[in-house]
Amino acid sequence: MKIFADTANVEEIKKINEMGLIDGVTTNPTLVAREGKDWETVEKQICEIVDGPVSAEVTASDSEGMIKQARELSGWADNIVVKIPMTAEGLKAVNVLSKEGIKTNVTLVFSAAQGLLAAKVGATYVSPFLGRLDDIGTSGIELVEKLRQLFDNYGYETEIIAASIRHVQHVEQVALAGCDIATIPGKLIPKLWEHPLTDKGLATFEKDWAEFEQLQKQKGE
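Residues numbered from 1 in each chain as written. Predicted model: local features only at pLDDT ≥ 70, side-chain atom pairs only at ≥ 80, totals over all residues. Heavy atoms only, no water.

Engineer: Quick one: what's the story with the packing of helix 1 (residues 10-18) against helix 3 (residues 39-49), residue by residue and with numbers?
Structural biologist: Viewed as axis vectors pointing N to C, helix 1 and helix 3 meet at an angle of 10 degrees, and their least axial separation amounts to 10 Å. Looking at the two axes, helix 1 sits roughly parallel to helix 3. Residues Val10, Ile13, Lys14 and Asn17 of helix 1 form the contact with helix 3, whose participating residues are Gln45, Ile46 and Ile49. A breakdown of the residues in the contact of helix 1 with helix 3 according to their chemical character gives four nonpolar, two polar and one charged. (Axes fitted to C-alpha atoms, helices over the stretch in contact; angles between N-to-C directions. Helix = DSSP H or I, 4+ residues; strand = E, 2+ residues; numbered from the N terminus. Parallel < 35°, antiparallel > 145°, perpendicular 65-115°, else oblique. Contact = heavy atoms within 4.5 Å. Nonpolar A, V, L, I, M, F, W, Y, C, P; charged D, E, K, R; others polar.)

Given below as C-alpha cells:
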C-alpha cells in the first residue's frame, strides 16, 4: 500500500520525504489556507519535493469552472492530480478531463455507489472519507472493502485513497482491506513508527550497555 501525506506544510513534507516514506501528497483548500501562502506557490514547491502524485483541489462548483481550473492546475507540474468533488457537476468534469488525459482524484466519497460512478467516468483515484463516516456511526473501513470488491469485480483501474485517516488503526485496517493508498495527516505519520514498548526496550538496552561498559572500564583499571 502506498502512503500519501495529507498536508500542505512544505517543511513537514520535506522531513517525511527524506525518510523515503511517502509516495505522494494530497492537499485541499483548507490545508492550503492554513499555510497563509499563495496557492500556486505552495503546490509547485510540494511538486518539486515529491516525485509522486500531488493532489490539488478545484474550488469551482460548476463543471465548466472545474474543467477550466483543472486544465490550469495540471499545467503547474507534471505530477499534479486534480481533486474534483463528488457531485453531478464533478462527474461531468471528470468525464471530460479523463478523456484529455488529466489525472483526477474524486474526493468526498461516502458511498460505494459514488465510488462506482467516479470510476465509471474515468477517475484516476477516489477518496472515501473514513473518519467522517465513523463520526456518524457508519463504518469507513466497510466502504473501502466494498470499493475494493467493486473495482476488482469490474476491472476498474481507479485507485482507492483512504482519506480522513484519524489513527494508526485506520492505516492498518485499510491496508488489510486491500486499499491502494492511505493519505495520512503529517502529524499522524510519526505515530506509525512510534510505540511505547519500543521506547521502553531501547531505554533498557542503553542502560544495560552503559552498565556493561562501566564494568569493562573497571576491569581495565
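Engineer: Break down unusual backbone geometry for me, with residues and values.
Structural biologist: If a residue is not glycine, its phi is most likely negative; likewise, a peptide bond is most likely trans. Positive phi is not limited to glycine here, since Leu108 has a value of about 60 degrees. Exposure remark for Leu108: the relative accessible area of 30% places this residue in the partly exposed category. If you check the backbone angles, Ser164 has positive phi at about 55 degrees while not being a glycine. One can find Ser164 in the loop between strand 7 (159-162) and helix 9 (168-176). Accessibility expressed as a relative area gives 13% for Ser164, which makes it buried. (Buried < 20%, exposed > 50% of the residue type's maximum accessible area, 1.4 Å probe, protein only.)

Engineer: Tell me what's going on with helix 3, and back it up with residues and numbers.
Structural biologist: Along helix 3, the residues classified as buried are Val42, Glu43, Ile46, Cys47 and Ile49. Buried residues of helix 3, viewed axially, fall in a sector of 160 degrees; they line one side. Where helix 3 starts, the residue carrying a side-chain oxygen 3.3 Å from the main-chain nitrogen of Glu40 turns out to be Asp38. (Arc of directions from axis to C-beta. Polar contact = N/O pair within 3.5 Å; in protein donor to acceptor, adjacent residues only side chain to side chain.)

Engineer: Summarise the pairing of strand 8 (residues 181-185); cite the residues concerned and give the values.
Structural biologist: The element strand 8 is largely enclosed, with a buried count of four among its five residues. Across five bridges, the pairing between strand 1 (residues 2-6) and strand 8 is parallel. When the bridges of strand 8 are listed, Lys2 appears paired with Ile181. Sheet analysis places strand 7 next to strand 8, joined by two bridges and oriented parallel. Looking at the pairing, Ala162 lines up with Ala182 of strand 8. Running through helix 9, the crossover from strand 7 to the neighbouring parallel element strand 8 is right-handed. (Pairing = 2+ DSSP bridges. Right-handed = clockwise from strand over helix to strand, strands pointing away.)

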